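Analysis of the macromolecular model
Listed here are the chains, written in short residue letters.
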Amino acid sequence: MILVFGSLNVDLLVPVGRLPSPGETVLGGDYGLLPGGKGANQALAARRAGAMVAMAGAVGTDAFAEVALARLRDAGVDLDLVRRTARPTGCAAIMVGADGENLIAVASGANHDARAADIPDAVLRPQTLVLCQMEVPAEESWSLLRRAHQAGCRTMLNLAPATPLDPEVLGLLDILVANEGEAATLAAAPATVAARLGVGLIVTRGAAGVIAYRRDGSRLDTPALAINPVDTTGAGDTFTGVLAAGLDADLSLADAMRCGSAAAGLACLGPGAQNAMPDQAAISAAVLRLPRARPSLRRECAGIPRVPRGTGGA
Ligand code: RIB
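A brief look at the structure comes next. (Residues numbered from 1 in each chain as written. Predicted model: local features only at pLDDT ≥ 70, side-chain atom pairs only at ≥ 80, totals over all residues. Heavy atoms only, no water.)

1. Here's the deal with the overall build of the protein chain
Operational definition: Only DSSP runs of H or I covering at least 4 residues are called helices, and only runs of E covering at least 2 are called strands; the numbering of each starts at the N terminus. Radius of gyration: C-alpha atoms only; globule rule: 2.2 Å multiplied by the number of residues to the exponent 0.38. Only protein chains enter the calculation, and the probe is 1.4 Å; a residue is then buried if its accessible area is under 20% of its type maximum, exposed if over 50%, and partly exposed in between. For accessible areas, the Shrake-Rupley method is used with a probe of radius 1.4 Å. Any residue's cover is judged against the shown protein chains and nothing else. Charge assignment in this entry is limited to Lys and Arg as positive and Asp and Glu as negative, and neither His nor the chain termini are counted. For charged residues, the charge sits on one atom: NZ in Lys, CZ in Arg, CG in Asp, CD in Glu.
Along its length, the protein chain carries ten helices and 13 strands. A globule of 314 residues ought to have a C-alpha radius of gyration of about 20 Å, and the protein chain, at 18 Å, matches this closely. The principal-axis extent of the C-alpha atoms belonging to the protein chain is close to 50 × 45 × 40 Å. Counting across all 314 residues of the protein chain, residues that qualify as buried make up 54%. Surface accessibility of the protein chain: about 12600 Å² in total, with carbon and sulfur atoms responsible for 55%. Here the protein chain contributes 27 positively and 30 negatively charged side chains, and the mean placements of these two sets differ by 6 Å.

2. Description of the sheet that holds strand β2 (residues 9–15)
Our working definition: Pairing between two strands requires that DSSP report at least two bridges joining them. Interaxial angles span 0 to 180 degrees and are taken between N-to-C directions of axes, which are lines fitted to C-alpha atoms, for helices over the stretch in contact. Residue contacts follow a heavy-atom distance rule, with two residues in contact if any of their heavy atoms lie within 4.5 Å.
Taken together, four strands build an open sheet; the order of strands is β3-β2-β6-β7 and the sheet is mixed. The sheet terminates laterally at β3 (32–36) and β7 (102–107), the two strands that pair on one side only. Across this sheet, the average inter-strand angle for adjacent strands is 25 degrees, counted without regard to direction. In the sheet, β2 pairs with β3 via five bridges, with the strands oriented antiparallel. Bridge assignment links D11 to a residue of β3, and that residue is L34. Across the sheet, helix α2 (residues 63–75) is in contact with β2, β3 and β6 (90–96); its angle to β3 comes to roughly 60 degrees.

3. Some details on the pattern of salt bridges
The test is simple: Salt bridges are defined by distance alone: a side-chain nitrogen of Lys or Arg within 4 Å of a carboxyl oxygen of Asp or Glu.
Within this structure, the stated rule accounts for eight salt bridges. Across the salt bridge formed by D113 and R87, the nearest N and O atoms sit 2.9 Å from each other. Separated by 26 residues along the polypeptide, D113 in the loop between β7 and β8 (129–132) and R87 in the loop between β5 (78–84) and β6 bring together distant segments of the chain. A salt bridge links D121 to R147; its shortest N-O distance comes to 2.9 Å. One end of the pair, D121, is in the loop between β7 and β8; the other, R147, is in helix α3 (residues 138–150), with 26 residues separating them in the sequence.

4. As for the packing of helix α1 (residues 38–48) against α2
To be explicit about the condition: Put simply, angles under 35 degrees are roughly parallel, angles over 145 are roughly antiparallel, angles from 65 to 115 are roughly perpendicular, and the rest are oblique. A clockwise turn of the near helix away from the far one marks a right-handed crossing, whereas an anticlockwise turn of less than a right angle marks a left-handed crossing.
It is at 10 Å that the axes of α1 and α2 come closest, and there the two elements cross at 20 degrees. Here α1 lies roughly parallel to α2, going by the angle between them. Seen along the crossing, α1 lies across α2 with a hand that is left-handed. Here α1 contributes A40, A43, L44, R47 and R48 to the contact with α2, which in turn contributes R71, L72 and A75.

5. What about the site of the ligand?
Cut-off, in case you're wondering: By convention in this text, a residue qualifies as near a molecule or strand provided that one of its non-hydrogen atoms is within 4 Å of it. Polar contact criterion, stated in full: a pair of N or O atoms within 3.5 Å, where within protein one must be able to donate a hydrogen and the other to accept it, and residues adjacent in sequence count only if both atoms are side-chain atoms. Each residue gets one of three labels, nonpolar for Ala, Val, Leu, Ile, Met, Phe, Trp, Tyr, Cys and Pro, charged for Asp, Glu, Lys and Arg, and polar for the others, Gly among them.
Taken together, 14 residues form the shell around the ligand, and within it D11, G37, K38, E135 and D237 come nearest. D237 has a polar side-chain atom sitting 2.7 Å from an oxygen atom of the ligand. Out of a free accessible area of 280 Å², the ligand has 97% covered by protein chains. Contributions of two or more residues to the shell around the ligand are made by β2, α1 and β6. Taken together, the residues of the shell around the ligand break down into four nonpolar, six polar and four charged.

6. Quick word on the sheet that holds strand β13 (residues 219–222)
Taken together, the nine strands give an open sheet; going across it, the order is β5-β4-β1-β8-β9-β10-β11-β12-β13, and neighbouring strands pair in mixed fashion. Each edge of the open sheet carries a strand with a single partner, namely β5 and β13. Each neighbouring strand pair of the sheet contributes to a mean axis angle of 15 degrees, computed without reference to strand direction. Bridge count for strand β4 (residues 53–59) against β5 is five bridges, and the pairing is parallel. By the bridge assignment for β5, A56 is matched with L81. Most of the contacts of α1 go to β4, to which it runs at about 160 degrees, and overall it touches β1 (2–5), β4, β8 and β9 (154–158). Each of β1, β8 and β9 touches α3; the most contacted strand, β8, lies at about 165 degrees to it.

7. Examining the pairing of strand β10 (residues 175–179)
When you tally the buried positions in β10, you get four out of five residues, the bulk of the element. By the bridge criterion, five bridges tie β10 to strand β11 (residues 200–204) in an arrangement that is parallel. Bridging from a neighbouring strand, N179 pairs with T204 of β11.

8. Quick notes on helix α8 (residues 253–267)
For the record, the criterion: To estimate how far a helix should reach, multiply one less than its number of residues by 1.5 Å.
Along its 15 residues, α8 runs 21 Å from first to last C-alpha, staying within 8% of the 21 Å computed at 1.5 Å per residue. With respect to burial, α8 is a largely interior element, 14 of its 15 residues being buried.

The analysis is restricted to geometry; functional conclusions fall outside its scope.
Okay, here's the thing in structure tokens:
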């Protein structure tokens, strides 16, 4: 089971021909009001890949809350640990250019109220994989990761958006996922950071693929799918969620990375963070299109067990 502790947002998405410069106004196409938030995106990606997923975080009591929650609930993500607070549901303003690249600003709102104390100890079992990002208060994530580490859970942190990390936190983590910009903010070189983690540091590099720097000093390279991106929003979230689903299903790190990489490519083929997130069948077909894919990989990615739908709370 995967527990995601993180943000739930509504994304106000505006397609533009090119991203504006500071102080500039550009005219865009029709806007979309879509579910998002790095936590929610990763929870949905893992669920679509076949994992059993519970989400913990916070939304408001406003109309945006339902936009943020409905798709997760419909997919069978357990929402019992999502609290309602007096602040407005988190909202992200997103511009996406014709090349698929984006600019994002987040009004965190209710995400400020996400609390690790809402998560009962009973959820933190050795079979639980705990996945955090950096869009809820960092001290709440550290508190949860300390408890999870103590309880023998597997732990993952996606360093997005980039935040300074206390060395103590590295010692709580099995896997740290960062894009190249986020990885550049780390206080040490990738191999040095990886040596402090349980498993390793995974750096996503868009079309250049993904590198895992493992604790033992070895390095694993995974290629990206060759695509023409429509919208790269949520690609990193899709990678991270599907990687978590693969590890939760006991795939090897290499195979879980390949499933994540294929899924991230597919997620770029439609607008919005969650709209184009693939299901397990689409992922296991796409892994064969990765360079150097071996045929058995299709079977291995399909090995993420399908689970019955959970009950959605909140
Ligand atoms: O990673 C993409 C996400 O970042 C968007 O869905 C937006 O809500 C922000 O959290």
